[in-house]
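Summary of structural features
Residue-level listing of the chains:
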Amino acid sequence: MKLIFEKSVRGRKAVELPKLDVPLQANLIPEEYVRQELELPEVSELDVIRHYTALSRRNFGVDNGFYPLGSCTMKYNPKINEDTARLEGFSQLHPYVPEEFSQGALQLMYELQQYLKEITGMDAFTLQPAAGSHGELTGIMIVKKYFESINEKRSKVLIPDSAHGTNPASVTLCGFECTEIKSDDEGEIDIDDLKSKLNDDVAAIMITNPNTLGLFETKILDIAKIMHDNGSLVYMDGANLNAMLGIARPGDFGVDILHSNLHKSFSTPHGGGGPGAGPVGVKKHLEKFLPVPRVEFVDKKYKLNYNFPDSIGRVRAFYGNFGILVRAYTYIRSNGYEGIRAVGENAVLNANYLLAILKKHYHLPYDRTCQHEFVLTDKNLSNGVTTSDVAKRLLDFGFYAPTIYFPIIVPGAIMIEPTETESKEMLDTFAEVMIKIKEEAITDPEILKSAPLTTPVSRLDGVLAARKPILKYEKQMVLKEQE
Ligand SMILES: *Cc1c(COP(=O)(O)O)cnc(C)c1O
């Protein structure tokens with residue numbers, strides 16, 4: 001497919017501006033600042049529409065197929081969220097509008113915080129962080145500030161070996177050192193290893209629950225107690241909150257700080273790395289450290305309070321990715337109390353249904369009831385067929401690939417998260433295809449090794465793409481290729 005630049009024809013236009021009906025003011029901009037040639041494609045409106053429609057048809061999203069990307073919660077995003085996010089009073093509201101004219105937006109933020117408190121059992125929230133990883137950073141900044149406030153110097157944060165890569169990144173960025181905790185045979189935190197690494201230099205543990213193997217940390221109460229007895233804090237990466245919505249609350253099992261990925265658990269399209277939101281919740285004793293401004297409800301009015309002298313300060317311009325907050329709010333309101341619980345229950349049910357079928361065919365390293373996702377491996381596939389081959393072949397059958405080679409403690413991991421929004425028929429179809437691929441590994445390994453066969457491009461050089469990305473259109477380059 002050609003680039004839109006290559007479809008350019010000199011002089012072709014999509015829009016014609018009316019003729020100038022006032023005297024021409026020449027030389028308003030000094031000559032040296034006037035751009036002589038703007039290298040934009042010259043195309044008609046129809047050219048633009050056809051070009052981008054064609055591109056969009058090559059895209060894959062939850063709206064056109066099953067997207068079992070583990071840890072990412074690619075659930076269906078209800079379209080009512082898009083309607084509310086586009087309401088003019090929200091979408092056209094300037095962030096500097098005085099409080100008396102932005103009561104509705106502030107009310108939405110205030111109520112969303114209340115819902116998140118109720119769902120998670122935490123005492124206070126900030127909506128500012130723009131993603132889960134940004135929430136982690138915010139949370140660890142709060143950990144730092146907390147120990148400063150009690151005049152203690154602690155330099156280490158414990159992180160299980162199954163953790164998401166953003167966990168050590170956030171910890172390191174904040175000036176702490178990471179200490180890795182091993183997982184035990186059940187896929188949970190190894191308590192003995194944890195105890196052996198605990199001392200008065202440990203500020204916190206960063207725990208993911210359910211963890212990235214899709215397993216609930218059943219010893220979480222003990223872990224929280226051990227940490228608290230040591231004067232340390234418990235941070236929970238809440239990316240997998242979907243599994244426990246309406247069922248269990250981190251605030252009730254000893255978590256001091258938590259982030260929630262609204263774009264995952266509370267539905268916003270996030271496949272292309274678009275805007276997200278990672279609100280951070282804390283227990284009472286850490287509330288004064290939350291970022292400012294904080295949304296409050298005083299004397300029947302919503303207001304922004306900047307007056308928290310112990311706050312870590314702002315972590316983002318304005319008040320967070322407001323459009324994502326509107327979507328999460330809409331999602332929570334439209335599901336209601338029972339609906340939210342049903343999300344958690346069905347996410348777990350769907351994952352266990354798929355697991356029960358697939359474990360008869362694929363190697364399952366941790367054979368337990370799972371939460372919202374589970375991890376298989378390529379261990380018993382024939383003819384050296386790998387996880388990567390399975391993932392590529394799934395594309396030929398119209399599915400997005402699961403998360404692969406993560407968590408890194410499982411060699412050849414295939415991490416599947418079906419989410420609650422998929423039907424039994426879809427889960428059955430996916431299972432059939434997975435089983436068929438396993439048989440192909442015996443009968444037709446060559447197909448698997450060269451898959452995908454039906455996509456616009458097949459196997460790309462991922463390393464080259466990462467090392468030498470071509471991000472800029474170069475006319476010469478295209479012309480050279482055409483020669
Ligand atoms: C997605 C995810 C993150 C990072 O969240 P972003 O919103 O992508 O920054 C962190 N931890 C886990 C377990 C995740 O799945």
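Residues numbered from 1 in each chain as written. Predicted model: local features only at pLDDT ≥ 70, side-chain atom pairs only at ≥ 80, totals over all residues. Heavy atoms only, no water.

Attention shifts here to the overall build of the protein chain. Within the protein chain, the secondary structure is distributed over 15 helices and 12 strands. By the compact-globule yardstick of 23 Å for 483 residues, the protein chain fits well, its C-alpha radius of gyration being 26 Å. Structurally, the protein chain occupies a C-alpha span of about 75 × 70 × 40 Å along its principal axes. Contacts in the protein chain between residues at least 24 apart in sequence constitute 70% of all its contacts with a sequence separation of at least 6. Entry remark: accessible area of the protein chain is about 24800 Å², with carbon and sulfur atoms responsible for 54%. Across the protein chain, the 54 positively charged side chains and the 65 negatively charged ones have centroids separated by 3 Å. (Helix = DSSP H or I, 4+ residues; strand = E, 2+ residues; numbered from the N terminus. Rg over C-alpha atoms; globule rule 2.2 N^0.38 Å. Contact = heavy atoms within 4.5 Å. Areas by Shrake-Rupley, 256 points an atom, 1.4 Å probe, with all protein chains shown as cover. Lys, Arg positive; Asp, Glu negative; His and termini not counted. Charge placed at Lys NZ, Arg CZ, Asp CG, Glu CD.)

As a further point, take the domain arrangement of the protein chain. Segmentation of the protein chain into domains returns domain 1 (4-58), domain 2 (79-335) and domain 3 (337-467). The C-alpha centroid of domain 2 is placed 44 Å from the C-alpha centroid of domain 1. (Domains from an automatic or database assignment.)

A few words now on the site of the ligand. Lining the immediate environment of the ligand, one finds Ser 71, Ala 131, Gly 132, Ser 133, Glu 136, His 164, Thr 166, Asp 237, Ala 239, Asn 261, His 263 and Lys 264. One of the side-chain nitrogen or oxygen atoms of Ser 71 is found 2.6 Å away from an oxygen atom of the ligand. Protein contacts shield 87% of the accessible area of the ligand, which totals 380 Å² for the unbound molecule. For the shell around the ligand, the secondary structure elements donating two or more residues are helix 5 (132-149) and helix 9 (262-265). Broken down by element, the residue count for the shell around the ligand peaks at 3 residues, all from helix 5. Counted by class, the shell around the ligand contains 2 nonpolar, 7 polar and 3 charged residues. (Near = heavy atom within 4 Å. Polar contact = N/O pair within 3.5 Å; in protein donor to acceptor, adjacent residues only side chain to side chain. Nonpolar A, V, L, I, M, F, W, Y, C, P; charged D, E, K, R; others polar.)

What follows deals with the pairing of strand 4 (residues 202-208). Counting buried positions over the 7 residues of strand 4 gives 7, a clear majority of the element. Pairing geometry for strand 2 (residues 156-160) and strand 4, over 3 bridges, is parallel. Along strand 4, the bridge assignment pairs Val 157 with Ala 204. Taken together, the 5 bridges between strand 4 and strand 5 (residues 233-237) define a ladder with parallel strand orientation. What sits directly across from Ile 207, in strand 5, is Met 236. (Buried < 20%, exposed > 50% of the residue type's maximum accessible area, 1.4 Å probe, protein only. Pairing = 2+ DSSP bridges.)

To continue, consider the environment of Phe 147. You can see Phe 147 is positioned in helix 5. Sequence separation between Phe 147 and Ser 382 is 235 residues, and the spatial gap between their C-alpha atoms is 54 Å. Once residues within four sequence positions are removed from consideration, Phe 147 is found in contact with Glu 152, Arg 154, Ala 203, Gly 231, Ser 232 and Leu 233.

A few words on the pairing of strand 10 (residues 374-377). Where burial is concerned, the two faces of strand 10 agree: the one with Phe 374 and Leu 376 and the one with Val 375 and Thr 377 are both buried. In this sheet, strand 12 (residues 413-416) lies alongside strand 10 in antiparallel orientation, the contact comprising 4 bridges. If you follow Phe 374 over to strand 12, its bridge partner there is Ile 416.

Once that is clear, we can look at unusual backbone geometry. In this structure, Pro 210 follows Asn 209 across a cis peptide bond, with omega equal to -10°. Looking at where Pro 210 falls in the secondary structure, it is placed in the loop between strand 4 and helix 8 (220-229). Following Phe 406, the chain continues into Pro 407 via a peptide bond in cis, with omega recorded as 0°. As for its position among the elements, Pro 407 is in the loop between strand 11 (403-404) and strand 12. In this structure, Asp 299 takes a positive phi of about 50° despite not being glycine. Judged by its relative accessible area of 68%, Asp 299 falls in the exposed class. In this structure, Tyr 405 is a non-glycine residue whose phi angle is positive, near 55°. Within the fold, Tyr 405 resides in the loop between strand 11 and strand 12. Given a relative accessible area of 36%, Tyr 405 falls into the partly exposed group.

Turning to its location among the elements, Val 15 is positioned in the segment before helix 1 (45-57). In this structure the C-alpha to C-alpha distance between Val 15 and Ser 91, which are 76 residues apart in sequence, comes to 26 Å.

Before going further, it helps to examine a nonpolar patch on the surface. Residues Leu 28, Ile 29, Tyr 33 and Val 34 make up a contiguous nonpolar surface patch of roughly 460 Å² in combined accessible area. Here Tyr 33 is to be found in the segment before helix 1. (Patch = residues over 30% accessible without salt bridge, like charges linked within 9 Å, V, L, I, M, F, W, Y side chains within 5 Å. Salt bridge = Lys/Arg side-chain N within 4 Å of Asp/Glu carboxyl O.)

For the rest of this paragraph, the subject is the nonpolar core. In this structure, Leu 112, Leu 194, Met 227, Leu 262, Phe 266 and Leu 325 are the most contacted members of the largest nonpolar core, which totals 52 residues. Within the residue set of this core, elements represented by two or more residues are helix 4 (103-120), helix 7 (191-196), strand 4, helix 8, strand 5, strand 9 (301-305) and helix 10 (322-358). Broken down by element, this core gets its largest block of residues, 10 residues, from helix 10. Setting aside its immediate chain neighbours within four residues, Leu 262 contacts Leu 112, Leu 116, Ser 267, Thr 268, Ala 277, Pro 279, Ile 324, Leu 325 and Ala 328. (Core = buried A, V, L, I, M, F, W, Y, C linked by side-chain atoms within 4.5 Å.)

What follows concerns the packing of aromatic side chains. In this structure the tally under the stated criterion is 16 aromatic pairs. Pairing Tyr 96 with Phe 318 gives two aromatic rings, centres 5.2 Å apart and planes at 75°, and the pair type is edge-to-face. In this pair, Tyr 96 is assigned in the loop between helix 3 (88-91) and helix 4 and Phe 318 in the loop between strand 9 and helix 10, connecting sequence segments 222 residues apart. Looking at Phe 318, the relative accessible area reads 31%, which means it is partly exposed. In this structure an aromatic cluster arises from ring pairing among Phe 60, Tyr 67 and Tyr 400. The ring of Phe 308 carries the charged tip of Arg 294 above its face, separated from the ring centre by 4.9 Å. (Phe/Tyr/Trp six-rings, centres within 6.5 Å; stacked < 30°, edge-to-face > 60°. Lys NZ or Arg CZ within 6 Å of the ring centre and 35° of its normal.)

What follows deals with the packing of helix 5 against helix 6 (residues 166-173). One can describe the packing of helix 5 onto helix 6 by two numbers: an axis separation of 9 Å at closest approach and a directional angle of 40°. The pairing of helix 5 with helix 6 is recorded here as oblique in orientation. Crossing handedness for the pair helix 5 and helix 6: right-handed. Residues Ser 133, Glu 136, Leu 137 and Ile 140 of helix 5 form the contact with helix 6, whose participating residues are Thr 166, Asn 167, Ser 170, Val 171 and Leu 173. Of the residues in the contact of helix 5 with helix 6, the class split is 4 nonpolar, 4 polar and 1 charged. (Axes fitted to C-alpha atoms, helices over the stretch in contact; angles between N-to-C directions. Parallel < 35°, antiparallel > 145°, perpendicular 65-115°, else oblique. Left-handed = near helix turned anticlockwise from the far one by under 90°.)

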